[in-house]
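This is what each chain is made of:
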Amino acid sequence: MIALNVNIDHIATIRQARGGNEPDPIFAAVICELAGAKGIVCHLREDRRHINDRDVELLRKVVTTKLDLEMAAVEEIIQFALKIKPDMVTIVPEKRIELTTEGGLDVTKDTKVYKELVKRMHSEGIEVSFFIEPEQPQIEASIQLGADIVEFHTGVYSRLKKPKEIQKELVRIRKAADLAKSLGLKVAAGHGLNYINVSEICKIESISELSIGHSIVARASFVGLERAVREMIEIINYSVLERKS
Ligand code: PXP
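The rules behind the values
The numbers attached to residues start from 1 for each chain and follow its sequence in the written order. Under the rules for a predicted model, residues below a pLDDT of 70 receive no local features and side-chain atom pairs below 80 are neither given nor counted, while totals for whole chains, interfaces and linings still include all residues. With hydrogens and water stripped out, all remaining heavy atoms of the structure feed into the side-chain values. Two strands pair under a simple rule: DSSP has to find at least two bridges between them. Here a strand is any run of E in DSSP of at least two residues, a helix any run of H or I of at least four, and the numbering for each starts at the N terminus. To obtain an axis, a line is fitted to C-alpha atoms, over the contacting stretch when the element is a helix, and the angle between two such axes runs from 0 to 180 degrees between their N-to-C directions. Should any heavy atoms of two residues lie within 4.5 Å, those residues are considered in contact. Each residue is tested against the molecule or strand, and it is near if at least one of its non-hydrogen atoms lies within 4 Å. Polar contact is the term for a pair of N or O atoms within 3.5 Å; when the atoms are in protein, one must be able to donate a hydrogen and the other to accept it, and sequence-neighboring residues count only if both atoms are side-chain atoms. Method for areas: the Shrake-Rupley scheme with a 1.4 Å probe, in which residue coverage is limited to the protein chains shown. Under the scheme applied here, ten amino acids are nonpolar (Ala, Val, Leu, Ile, Met, Phe, Trp, Tyr, Cys and Pro), four are charged (Asp, Glu, Lys and Arg), and all others, including Gly, are polar. Throughout, exposure labels follow a simple rule: accessible area from a 1.4 Å probe, protein chains only, divided by the maximum for the residue type, with under 20% read as buried, over 50% as exposed, and the rest as partly exposed.

(A) Structural detail: the sheet that holds strand β6 (residues 149-153). Spatial strand order, β1-β2-β3-β4-β5-β6-β7-β8: eight strands in a closed barrel with parallel pairing. Looking at each pair of strands side by side, their axes are set apart by 25° on average, direction ignored. Here five bridges tie β6 to strand β7 (residues 186-190), and the two strands are oriented parallel to one another. Considered in β7, the bridge of Phe152 is made with Ala189. Along the sheet, helix α6 (residues 136-145) contacts β5 (127-132) and β6; its crossing angle with β5, the most-contacted strand, is approximately 160°. Helix-sheet contacts for helix α8 (residues 163-182) involve β6 and β7, and the interaxial angle to β6 is about 175°.

Structure representation (structure tokens):
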């Protein structure tokens, strides 16, 4: 089984377009869970461009599966996370000018900061995932820092067009996933995954979780959120079955 965690940032992005109350990401979280999502992901950015403090506070109360708070390793957000106590945090790099997270965190640098962050989160029972590139030094550093999970950045894979390049990137992700799992980490993947490119990622046995947002919210605008989530889960399950046959 591969668990689908749905990122609901873009529901909040639509709300922010008019600065009102709708659509409410809290309602979205409930629908995603009813459709079979195993977790809800949201990114509280320093500039609060989509998800805001109120959303995370309410999500903590409403989410019954797993709440994964994506965040940068900055003190204000760290303190907020320690207060709210999501089930897990995913540490990502964050730049003000980017449209979305543009690649993995380099956890071979600023190790003191990340080690301290892991210690503080663990003291409140919060699991820590690092969003990293599928590279051996990043995996080994994550282990040293005490991470529970690593999420491999699939943005590069999702943008490739040539079959040979896609295969090469899949091999890179598979190697990294196998290494991370063999070292005792839980392995997730995400960024840029959609109804087409998710299948090949699902064939990597060491991956146990996916974090998908944009493609599901985009499809939801045509078919509704519940159906969009169910369709993604069907593809994931079918792809997992295919790898066994
Ligand atoms: N994982 C991480 C760490 C992310 O930052 C994002 C984007 O918010 C996602 C997964 C989901 O990416 P997408 O919206 O392209 O599915």
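(B) Structural context of the site of the ligand. Surrounding the ligand, one finds 15 residues, the nearest of these being Glu70, Glu151, Gly192, Gly213 and His214. A distance of 3.3 Å separates an oxygen atom of the ligand from a polar atom in the side chain of Asn7. For the ligand, the accessible surface in isolation is 390 Å², of which the surrounding protein chains cover 95%. Here the shell around the ligand is composed, by residue class, of three nonpolar, nine polar and three charged.

(C) Layout of unusual backbone geometry. In this model, Glu22 is joined to Pro23 through a cis peptide bond whose omega is 0°. With phi around 50°, Arg48 is a residue other than glycine that occupies positive phi space. Structurally, Arg48 is set in the loop between β2 (39-43) and α3 (53-62). Positive phi, normally seen in glycine, also occurs at His191, with a value near 110°. Take His191: it is sitting in the loop between β7 and α9 (198-202). Note on His191: relative accessible area 22%, which makes it partly exposed.

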